[in-house]
Amino acid sequence: MKPFCAALTICMLFGMSPSRYISLPGYAFRTDPTCHRTVSKLQFDRRCDWPRIGIKDFSPPNQFGIWL
């Protein structure tokens, strides 16, 4: 059980990296504000927007939702 708990703790620590993608007013997708866009902010830009599949107004699920 101890190795499992240690592995789970390590996975949680590495999985909580801060995201550089944020929601900005007027932008259809979560985007990296420092990225130079090649299309308008209403269209999906493969380099700057997230998630890569282009789901409009996507917000990732809470990582700790299963623990609460």
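An account of the accompanying structure is given in this report.

Rules behind the numbers
Residues numbered from 1 in each chain as written. Predicted model: local features only at pLDDT ≥ 70, side-chain atom pairs only at ≥ 80, totals over all residues. Heavy atoms only, no water. Helix = DSSP H or I, 4+ residues; strand = E, 2+ residues; numbered from the N terminus. Buried < 20%, exposed > 50% of the residue type's maximum accessible area, 1.4 Å probe, protein only. Contact = heavy atoms within 4.5 Å. Areas by Shrake-Rupley, 256 points an atom, 1.4 Å probe, with all protein chains shown as cover. Polar contact = N/O pair within 3.5 Å; in protein donor to acceptor, adjacent residues only side chain to side chain. Phe/Tyr/Trp six-rings, centres within 6.5 Å; stacked < 30°, edge-to-face > 60°. Salt bridge = Lys/Arg side-chain N within 4 Å of Asp/Glu carboxyl O.

Along the backbone of the protein chain there are one helix and two strands. Counted from the first residue to the last, the protein chain has its helices and strands arranged as α-β-β. Of all 68 residues assigned to the protein chain, the portion counted as buried reaches 16%. Taking the intrachain contacts of the protein chain between residues at least 6 apart in sequence as the baseline, contacts between residues at least 24 apart amount to 25%. With the model as given, the accessible surface of the protein chain reaches about 5600 Å², and the carbon-plus-sulfur share is 66%.

The next point concerns the side chain of Thr31. With respect to the secondary-structure elements, Thr31 resides in strand S1 (residues 30-31). Of the polar contacts made by the side chain of Thr31, one reaches the side chain of Asp49; its length is 2.9 Å.

Applying the stated criterion across every chain, the model contains two aromatic pairs. Geometrically, the ring pair formed by Tyr21 and Trp50 is stacked, given 6.0 Å between the ring centres and 15° between the ring planes. Here Tyr21, found in the loop between helix H1 (2-15) and S1, pairs with Trp50, found in strand S2 (residues 49-50); they are 29 residues apart in sequence, far enough to count as distant. Here Tyr21 falls in the buried class, since its relative accessible area comes to 9%. Both rings, one in Phe29 and one in Phe44, keep their centres 5.1 Å apart while their planes meet at 75°; by these two values the pair is edge-to-face. Residue Phe29 is located in the loop between H1 and S1, and its partner Phe44 is located in the loop between S1 and S2; the two are separated by 15 residues in the primary sequence.

A separate point is the pattern of salt bridges. Under the counting rule described, the total for this entry stands at one salt bridge. The shortest N-O distance in the salt bridge between Arg37 and Asp49 comes to 2.9 Å. Separated by twelve residues along the polypeptide, Arg37 in the loop between S1 and S2 and Asp49 in strand S2 bring together distant segments of the chain. Take Arg37 and Asp49: they sit in the same class, and that class is buried.

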